[in-house]
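Next come the chains, spelled out residue by residue.
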Amino acid sequence: MTRTGLSRTRSSEEATAEPTTMRVIVPLQGVVQGRGGLVLGSVIPCALFYFLQLYLRRRNRSAPIPPPAPEDQLPEVAVLSRSLSRTHLSPRGSGGPTYVSGRASLVAKSGDSPCDVGLRKVSEDPYDELRNPDGVIQLGLAENKLSLDLVRDWMVENARDAILGGGRSGGEPSIGGIASYQPFDGLMELKVAVAGFMSQVMDKSVSFNSSQIILTTGATPAIEMLSFCLADTGNAFLVPTPYYPCFDRDVKWRTGVEIIPVPCRSADNFSLSITALDRAFNQAKKRGIKVRGIIISNPSNPVGNLLDRETLYSLLDFAREKNIHIVSNEIFAGSTHGKEEFVSMAEIINSEDLDRNRVHIVYGLSKDLSLPGFGVGIIYSFNENVLAAAKKLTRFSSISAPSQRLLISMLSDTKFIQQFIGINRERLRGMHIKFVAGLKQLGIECIKSNGGFCCWVDMRALIRSYSEKGELELWDKLLKIAKVNVTPGSCCHCIEPGWFRFCFTTLAQKDIPVVMERIRKISEICKSHS
Amino acid sequence: MTRPQTPAREPDSQARKPAGATAMRLIVPLQGVVQGRGGLILGSLIPCALFYLFQLYAKRHRSPKPGSDPVSPSQSSSNLPELHRSSSRSNLSSRGSIGRVGVSSRASSIAKPNDSPYYIGLDKVSEDPYDRFDNPNGIIQLGLSENRLCFDLIEKWVSENLEDSVMGSDGGDLSICGIAAYQPHDGMMEFKVAMAGFMSLVMGGTVTFDPQQMVLTSGATPALEILCFCLADPGNAFLVPTPYYPGFDRDMRWRTGVELIPVHCRSTDNFIISITALDQAYIQARKRGVKVRGILISNPSNPVGNLLPRETLYNLLDFVQDKNIHIICDEIFAGSTYGSEEFVSMAEIIDSDVIDKNRIHIVYGLSKDLSLPGFRVGVIYSFNKSVLAAAKRLTRFSSISAPTQRLVTSMLSDTRFTLAYIETSTKRISDMHDLFVAGLKQLGIKCIMSSAGLYCWADMGGLIRSYSEKGELELWDKLLNIAKINVTPGSACHCIEPGWFRCCFTTLSQADIPVVIDRIRKVAETCKPSS
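This section reports on the structure supplied with the text. What you see is a predicted model, and the numbers here were worked out from it, not measured in a lab. (Residues numbered from 1 in each chain as written. Chains lettered and ligands numbered in written order. Predicted model: local features only at pLDDT ≥ 70, side-chain atom pairs only at ≥ 80, totals over all residues. Heavy atoms only, no water.)

**Points about the sheet that holds strand β9 (residues 445-446) of chain A**
All names here are of chain A. Across the sheet, 4 strands lie side by side as β9-β10-β13-β12; this open sheet has antiparallel pairing. Pairing within the sheet leaves two strands with one partner each, and these edge strands are β9 and β12 (487-488). As paired elements, β9 and strand β10 (residues 454-458) share 2 bridges and run antiparallel to each other. Paired with glutamate 445 across the bridge in β10 is aspartate 458. Docked against the sheet, helix α18 (residues 414-441) engages β9, β10 and β13 (499-503), running at close to 15° with respect to β10. (Pairing = 2+ DSSP bridges. Helix = DSSP H or I, 4+ residues; strand = E, 2+ residues; numbered from the N terminus. Contact = heavy atoms within 4.5 Å. Axes fitted to C-alpha atoms, helices over the stretch in contact; angles between N-to-C directions.)

What follows is the structure, encoded as structure tokens:
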């Protein structure tokens, strides 16, 4: 059989002209009949199939709404379908209305949450003891006004030398140190000073390496930058609720990243449970969403409790097991007022000496140094890629040089800083105790808190229906009748209705009775109805 | 030679070398199938199926983007591949944990070292900057458009007025709240009013600006990025006449996912944009399926330094009206003019014209005209309410520090100072420009006639060996490494003609000019004989 086969092959090869008619009918016959038949018979369909796949894949890419596409190789086919559909919407030719981008109209529209409404109300009609005693009292903004006098005294004395003295090195006129281009990620001197301040604020339990610091115009851009750097469009972060309402803006707006809330409950004192995290992670996976990290606030905003060492370790284990990042927002680290000790994620990492790549700390001078107007935020990361990318992105949010010079001297003045931290903490503690006691007199309890400018207040007894609606009704009453602006729990994505965030550091001590009196009126109205 | 036999022959001939037919069967597993009638069909189907499964497998296991960070974890969503990954990863990492965690693909593309000559040059200078006394062999910076000619005026003003402006004259409680507490993130109203006054002054008093239409940001860079976010969605594009400022690629594209389509201008037109070229680029983009959302121009042009004539501005407005797109005018050099030509702001044109103002957006800043790049002050001036509303919210990410706002507000409100400053500054820029251009002329290097900006656009086409981008970059490399001068090559500005370079002269002092010219001369001499 072999031999006949052989001879037949030969004969067919020799007499190529013979089956001319057949050749026309079967295009690949020559190939198939030849020796490479099986090989080519496999390769060619494979190739065809591969191209089909390639084609399908390219077309499919147009399906997700915001394609990331920072690179040029954006497939043209993908854009075609989208832009064509857009042109049907927008009337062509002159005179048509100019459009703005989809994301801009989204951003422009947002701003009707109770949070924003409250802040707007306050700015229209702010309370002032003498000039506007019927104005709205601000309890909705985490701003510390208790120790501004200390900052003022320092500024009066030192501002001039701080701003003008900084660049006086070499033959340069000193103005060169503030007027000319400076490193966009912050002056090295300021990074060193900030590293010192951070470690001082955390009671010297940690030391920070200034080369791992990136400075931005506030913690808001710091968080946004990390969101850009750690996740792509369509990815998600797990965030334990209740969380700081503005995370939605910082993490999601421009980045196309999602937040998956992980509910914490009053039964656990709103502390984080790994089981809940794990459940949320698996659910997201099932939905096909890639989780790239966890964002935590420690001390927590709005609840005000601290994460203990144990929880931090288990968080780290969880992140390691899932191979995801941890962003730890420690902006209130120095504003603790309880007995519990604050433990920074950096301390854990320093002692563990492993897995540093996945940990990123956000800090700022808005809370602990009560300088939100200066707009200074800090990214402290152990990941070189993140640091490199963030450094370049600071081009979009770099701090003005005069402010940097001012802060360098302020933070380097250790005597002042020590004094400030001590006095500020004392005043914070005093206010907290007074405020909580005032609420208690009205029969309103707060979660036991150890840090931050806020109390997390349980007003479940005062809401008419145990739902978000009931909560917002009470919030509305507080804002419009009592003229007190607070943040309802629903803004913080709290799963249980009836919780409110009261920031007490914008008040003076003498304002507390006024606030309590106003809340009392509302609580009486509510109680009499029910 | 009938057809059914055809496939049967293939394994035959392949397995000819082993002696018997029985032995063959063992060797070729699929032979029975292949020898049967369905040979060709199955011979195609089976590999297909195998290949498909392979693809499926490969796709599930692939990391986010080929070429992105190799340690980045897979983006798979199901549990099965996750399992595979973690087990394979644990072999790699000695710790027993899953291994290094990846960053986003956009971050890894940004984190990569930049290979544009513009950034390479800037980095080189920062490593080894020239100083007349301390480092006379360092690299001279001609690649950064920064105005260092008038620091003395700024210093004098700041030292006289610092306390009053930052702390207020009374040093009281109110003033500390004015800088330490939260301020409007899009800029204090007083600052906007002062800025409107300054802009109007800089533009010759021919236009008035409404502070209500103003949004202040920490520099012109975020101003451009915010506009880009507001006007275009990912995948959309802007038309940009070339040569353009190399930073536009960063400002407009990095985080927004928006494309820039270069529209080439030529030396024969003095690099002035032609509407025909714009139209062509627009139509081509449409054919490619890219939605064009606007035009981005810089006027005075960076890097060429010429001004757009009134005529061209009208034509541009007609064009954007016709295509129903936006126009962003980067007028950051508006006050740094020195020629006899008059600068015409887009704001002036629309003031006098009946036109849909919603599509016009102007970007300004104090980095060039007031030479305060370290202060980071940028301005978006827009007529579009939705853009203003969105931009205001987005300034949360790039707000200006309050002490700086106070300082600059009083500086800009001091009109006696600003008037004197503008006068002196333009005079000094003009002198430097004349000196520098004359120096280049001695070497036989001509510049485009320019009337504004802190740079000149020099034609070194005579010095490049091959008339191509390669030749241009060779010359740039020589200038940087041999002559130790950092200039910006035209290719970094997307200029279509090779041999053009941007030289910024305002970082120099007059005494440096002979040094620079001498250094260029050396390179010019080595280039000329060989060509």
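**With respect to the nonpolar core**
Ranked by size, the top nonpolar core spans 324 residues in total, and within it Met155 and Phe435 of chain A carry the most contacts. Contact partners of phenylalanine 435 of chain A, with chain neighbours within four places excluded, come to Leu139, Cys455, Phe502, Phe504, Leu507, Ile512, Val515 and Met516 of chain A. (Core = buried A, V, L, I, M, F, W, Y, C linked by side-chain atoms within 4.5 Å. Buried < 20%, exposed > 50% of the residue type's maximum accessible area, 1.4 Å probe, protein only.)

**Examining the packing of helix α14 (residues 309-322) of chain A against helix α15 (residues 345-352) of chain A**
All names here are of chain A. Between α14 and α15, the least distance of the axes is 10 Å, while the angle of their chain directions is 65°. The angle between the axes of α14 and α15 places the two elements in the roughly perpendicular class. Relative to α15, the crossing made by α14 is right-handed. Of α15, the residues touching α14 (which contributes Arg309, Leu312, Tyr313, Leu316 and Arg320) are Met345, Glu347, Ile348, Ile349, Ser351 and Glu352. Partitioned by chemical class, the residues of the contact of α14 with α15 number 6 nonpolar, 1 polar and 4 charged. (Parallel < 35°, antiparallel > 145°, perpendicular 65-115°, else oblique. Left-handed = near helix turned anticlockwise from the far one by under 90°. Nonpolar A, V, L, I, M, F, W, Y, C, P; charged D, E, K, R; others polar.)

**Observations regarding the environment of tyrosine 52 of chain B**
In this fold, tyrosine 52 of chain B is placed in helix α4 (residues 39-61). Among the residues examined, tyrosine 52 of chain B registers a relative accessible area of 35% and is labelled partly exposed. Contact partners of tyrosine 52 of chain B, with chain neighbours within four places excluded, come to Phe49 and Gln53 of chain A.

**Side note on unusual backbone geometry**
Of the consecutive residues threonine 241 of chain A and proline 242 of chain A, the connecting peptide bond is found in the cis state with omega at -5°. In this fold, proline 242 of chain A is placed in the loop between β3 (236-241) and α12 (247-252). Cis geometry marks the peptide bond from asparagine 302 of chain B to proline 303 of chain B; its omega dihedral reads 20°. Unlike most non-glycine residues, aspartate 203 of chain A shows phi in positive territory, near 60°. Positive phi, normally seen in glycine, also occurs at histidine 494 of chain B, with a value near 60°. With respect to the secondary-structure elements, histidine 494 of chain B resides in the loop between β12 (488-489) and β13 (500-504). For histidine 494 of chain B, a relative accessible area of 27% puts it in the partly exposed group.

**Digging into the pattern of salt bridges**
This model, assessed by the stated rule, comprises 44 salt bridges over all chains. For lysine 483 of chain A, the salt bridge is made with aspartate 125 of chain A, and the minimal N-O distance between the two is 3.5 Å. Note that lysine 483 of chain A is positioned in the loop between α19 (468-480) and β11 (484-485) and aspartate 125 of chain A in the loop between α7 (114-124) and β1 (137-138), a separation of 358 residues in sequence. Among the ionic pairs, aspartate 248 of chain A bridges to lysine 252 of chain A, the shortest N-O distance being 3.7 Å. Of this pair, aspartate 248 of chain A and lysine 252 of chain A are both found in helix α12, 4 residues apart, which corresponds to roughly one turn of the helix. Residue aspartate 248 of chain A is classed as buried on the basis of its relative accessible area, which comes to 18%. One salt-bridge network, held together by shared partners, links Glu224 and Arg254 of chain A together with Glu225 and Arg255 of chain B. (Salt bridge = Lys/Arg side-chain N within 4 Å of Asp/Glu carboxyl O.)

**Section: helix α16 (residues 385-394) of chain B**
Within α16 of chain B, the full set of buried residues consists of Val387, Leu388, Ala390, Ala391 and Leu394 of chain B. Buried positions along α16 of chain B lie against α6 (102-109) of chain A together with β2 (214-217), α11 (220-231), β7 (360-365) and β8 (378-382) of chain B. Capping of α16 of chain B at its N-terminal end is provided by asparagine 384 of chain B; its side-chain oxygen lies 3.1 Å from the backbone amide nitrogen of serine 386 of chain B. (Polar contact = N/O pair within 3.5 Å; in protein donor to acceptor, adjacent residues only side chain to side chain.)

**Quick look at the sheet that holds β8 of chain B**
Residues and elements named next belong to chain B. The mixed open sheet is built from 7 strands, whose spatial order is β2-β8-β7-β6-β5-β3-β4. Each having just a single partner strand, β2 and β4 (259-264) make up the two edges of the open sheet. Looking at each pair of strands side by side, their axes are set apart by 25° on average, direction ignored. For strand β5 (residues 292-298) and strand β6 (residues 326-330), the ladder comprises 5 bridges, and the chain directions are parallel. Within the sheet, the bridge partner assigned to isoleucine 297 lies in β6 and is cysteine 329. Relative to β2, helix α10 (residues 189-202) is tilted by about 100°, and along the sheet it contacts β2, β7 and β8. Across the face of the sheet, helix α13 (residues 275-287) comes into contact with β3 (237-242), β4 and β5 while running at roughly 140° to β4.

**Things to note about the pairing of β4 of chain B**
Residue and element names in this part refer to chain B. By the bridge criterion, 6 bridges tie β3 to β4 in an arrangement that is parallel. Its bridge partner lying in β4, proline 241 is registered against valine 263. As a crossover connection, the stretch from β3 through helix α12 (residues 247-253) into β4 is right-handed. (Right-handed = clockwise from strand over helix to strand, strands pointing away.)

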